[in-house]
Amino acid sequence: MPPTAIPIEVVPYQGQISITDSLVAASASMSFINNGYTVLVLSTGAVTPTLTISSVEGDVPGTSDISGALTANKVTMYGPFQPLYWNQGGSVLVTLSNATSVQVACFSFQL
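Predicted model, so just to flag it, every value in this text is computed and none were measured.

Caption draft 1: Structural view of the overall build of the chain. Of regular secondary structure, the chain possesses 2 helices and 10 strands. In sequence order, the secondary structure elements of the chain are arranged as β-β-α-β-β-β-β-β-β-α-β-β. Here the C-alpha radius of gyration of the chain, 14 Å, is about what a compact globule of 111 residues would show, namely 13 Å. Taken over the C-alpha atoms alone, the chain extends approximately 35 × 35 × 25 Å along its principal axes. Put simply, the chain has 111 residues, and 39% of those count as buried.

This is how it looks when you write it as structure tokens:
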């Protein structure tokens, strides 16, 4: 089953955007289109899942996956992501060990 696509919100110049209104329910396997100016935001509830953001395996020496347990009741941001190190078919792959009570959003700072 292909990963769930996370919608991308474009942050307007000199504008504002609601992070809370942009959040959607997370799934165990997700991806987002990455242009090199995209950040990933995760909002957790009571659950503390393990997050993995998959790097391009073996392509760039010294690059490895981002992995670790998320903290309960926190909002965390990752990125932006250099496409050479992170894009797999134009997207960044994200997995969660448990997506219960996790919300996610992506924001791009350029078109």
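So that's the structure; there's more coming.
Caption draft 2: Highlighting the environment of Gly15. For Gly15, the position within the fold is in the loop between β2 (8–10) and α1 (19–22). What makes Gly15 partly exposed here is its relative accessible area of 46%. Along the sequence, Gly15 and Asn87 sit 72 residues apart, while their C-alpha atoms lie 28 Å from each other.

Caption draft 3: Region of interest: the pairing of strand β6 (residues 50–54). For β6, a buried count of 4 out of 5 residues is recorded, marking the element as mostly surrounded by other parts of the structure. When β6 meets strand β7 (residues 66–69), the two strands line up antiparallel, connected through 4 bridges. Residue pairing in the sheet places Thr50 in a bridge with Ala69 of β7. Of the strand pairs in this sheet, β6 and strand β9 (residues 91–96) are connected by 4 bridges, and their pairing is antiparallel. The residue of β9 that forms the bridge with Ile53 is Val94.

What counts and how
- Residues numbered from 1 in each chain as written.
- Predicted model: local features only at pLDDT ≥ 70, side-chain atom pairs only at ≥ 80, totals over all residues.
- Heavy atoms only, no water.
- Helix = DSSP H or I, 4+ residues; strand = E, 2+ residues; numbered from the N terminus.
- Rg over C-alpha atoms; globule rule 2.2 N^0.38 Å.
- Buried < 20%, exposed > 50% of the residue type's maximum accessible area, 1.4 Å probe, protein only.
- Pairing = 2+ DSSP bridges.

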